[in-house]
Amino acid sequence: DAGVIQSPRHEVTEMGQEVTLRCKPISGHNSLFWYRQTMMRGLELLIYFNNNVPIDDSGMPEDRFSAKMPNASFSTLKIQPSEPRDSAVYFCASSSLLAGSYNEQFFGPGTRLTVL
Amino acid sequence: SQQGEEDPQALSIQEGENATMNCSYKTSINNLQWYRQNSGRGLVHLILIRSNEREKHSGRLRVTLDTSKKSSSLLITASRAADTASYFCATSSNYQLIWGAGTKLIIKP
């Protein structure tokens, strides 16, 4: 298995531009998570999906952020318009939810986003 | 939201020594997990301990869980330079996985 796949690995964009991050979870996992990591705030959960349905998006910073999971093998995180404070490493992770609790999460390599 | 708090925030030890990191949490849990993150990489799962377990081993790792004190510890024995990384605890309950802020471990050769 290739593990969780994220693209792009690095993204540099200018303030105001739209940014789309992509994630392919591990086949068979029914839960997907988007995280943001910065030095100042650490690891933050943005949103998580279970069976392609968004369960908790309370971590999404504001309306500029949106996430979709159109099928079990693909998810996107979009920022429109982007701002310099969105600069961070964005991780996607997948897991299987069994008996009401999560097993281990498998993380992708992350997308390092820089907004100038 | 973060419920786990790792202690210490940073730890620097000599290669060969044992490293102990602690994690405290606030609510009841189904399980507690420890992850490692090397610089510039994603998090990697190390070990999971369920709420009805008190101790678990995996290679040089030993994890304990005290649900009465709502705390866990991760012990790495005979540390190596390659153990240099950040270590995070995460608690699982009610469909959520809640992360601590992490302990940065540096192993000096």
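Refer to the structure presented above.
Since we're looking at a predicted model, the values are computed, not measured.

This part takes up the sheet that holds strand β1 (residues 5-7) of chain A. Residue and element names in this part refer to chain A. If you trace the four strands from one edge of the open sheet to the other, you get β1-β3-β8-β7, paired in antiparallel fashion. Looking at which strands have only one partner, the edges of the open sheet turn out to be β1 and β7 (65-71). Averaged over all pairs of adjacent strands, the angle between their axes in this sheet comes to 15 degrees, without regard to strand direction. Here five bridges tie β7 to strand β8 (residues 74-79), and the two strands are oriented antiparallel to one another. Bridging from a neighbouring strand, Phe 65 pairs with Ile 79 of β8.

Attention now moves to the environment of Glu 6 of chain B. All names here are of chain B. Looking at the secondary structure, you find Glu 6 in strand β1 (residues 5-7). Sequence separation between Glu 6 and Gly 102 is 96 residues; the distance between their C-alpha atoms is 5.6 Å. With near-sequence residues (within four places) excluded, Glu 6 lies in contact with Asn 22, Cys 23, Trp 34, Tyr 87, Phe 88, Cys 89, Gly 100, Ala 101, Gly 102 and Thr 103. Within the structure, Glu 6 has its side chain in polar contact with the backbone nitrogen of Ala 101 (distance 2.8 Å). A polar contact is formed between the side chain of Glu 6 and the backbone nitrogen of Gly 102, at a distance of 2.8 Å.

Moving on, we come to the sheet that holds strand β7 (residues 61-66) of chain B. All names here are of chain B. The five strands are arranged β1-β3-β8-β7-β6 in an open sheet whose pairing can be described as antiparallel. Each of the sheet's edge strands pairs with one partner strand only, and the pair in question is β1 and β6 (55-58). With direction set aside, neighbouring strand axes in the sheet form an average angle of 15 degrees.

It is worth spelling out the pattern of salt bridges at this point. Residues and elements named next belong to chain A. Evaluated as defined, the whole model comprises eleven salt bridges over all chains. With a closest N to O distance of 3.8 Å, Lys 78 and Glu 18 form a salt bridge. With Lys 78 in strand β8 and Glu 18 in the loop between β2 (10-13) and β3 (19-24), this residue pair connects regions lying 60 residues apart in the sequence. On the accessibility criterion, Glu 18 (43% relative accessible area) is partly exposed. A salt bridge links Glu 83 to Arg 85; the nearest nitrogen and oxygen atoms lie 2.6 Å apart.

All names here are of chain B. Only one face of strand β3 (residues 19-24) is covered, namely the one carrying Ala 19, Met 21 and Cys 23; the face carrying Thr 20, Asn 22 and Ser 24 has none of its residues buried. As paired elements, β3 and strand β8 (residues 71-76) share six bridges and run antiparallel to each other. Across the sheet, Met 21 pairs through a bridge with Leu 74, a residue of β8.

The subject of this paragraph is unusual backbone geometry. Each neighbour pair has its own omega, and for Gln 80 of chain A with Pro 81 of chain A the value is -5 degrees, a cis peptide bond. Here Pro 81 of chain A shows up in the loop between β8 and β9 (88-95). Here the amide bond leading from Asp 7 of chain B into Pro 8 of chain B is cis, since omega sits at 0 degrees, within 30 degrees of zero. Summarising the element assignment, Pro 8 of chain B is placed in the loop between β1 and β2 (10-14). If you check the backbone angles, Asn 52 of chain A has positive phi at about 75 degrees while not being a glycine. Secondary-structure assignment places Asn 52 of chain A in the loop between β5 (42-50) and β6 (53-56). At Ala 78 of chain B, a residue that is not glycine, the phi angle is positive and equals roughly 45 degrees.

Two cysteines, two sulfur atoms, one covalent bond between them: this is a disulfide. On inspection of all chains with the given rule, the structure shows two disulfides over all chains. At a sulfur-sulfur separation of 1.9 Å, the disulfide partner of Cys 23 of chain A is Cys 92 of chain A. In this structure, the disulfide formed by Cys 23 of chain A and Cys 92 of chain A twists by about -65 degrees around the S-S bond and is classed as left-handed. With Cys 23 of chain A in strand β3 and Cys 92 of chain A in strand β9, the pair connects residues that are 69 residues apart, well separated along the chain. You can call Cys 23 of chain A buried: its relative accessible area is 1%. With a sulfur-sulfur separation of 2.0 Å, Cys 23 of chain B is cross-linked through a disulfide to Cys 89 of chain B. One disulfide, between Cys 23 of chain B and Cys 89 of chain B, carries an S-S torsion of 65 degrees and so falls in the right-handed class. Of this pair, Cys 23 of chain B sits in strand β3 while Cys 89 of chain B is found in strand β9 (residues 85-93), placing the two residues 66 residues apart along the sequence. Residue Cys 23 of chain B is classed as buried on the basis of its relative accessible area of 1%. With a relative accessible area of 0%, Cys 89 of chain B lands in the buried category.

Parameters at a glance
- Residues numbered from 1 in each chain as written.
- Chains lettered and ligands numbered in written order.
- Predicted model: local features only at pLDDT ≥ 70, side-chain atom pairs only at ≥ 80, totals over all residues.
- Heavy atoms only, no water.
- Pairing = 2+ DSSP bridges.
- Helix = DSSP H or I, 4+ residues; strand = E, 2+ residues; numbered from the N terminus.
- Axes fitted to C-alpha atoms, helices over the stretch in contact; angles between N-to-C directions.
- Contact = heavy atoms within 4.5 Å.
- Polar contact = N/O pair within 3.5 Å; in protein donor to acceptor, adjacent residues only side chain to side chain.
- Salt bridge = Lys/Arg side-chain N within 4 Å of Asp/Glu carboxyl O.
- Buried < 20%, exposed > 50% of the residue type's maximum accessible area, 1.4 Å probe, protein only.
- Disulfide = S-S within 2.5 Å.

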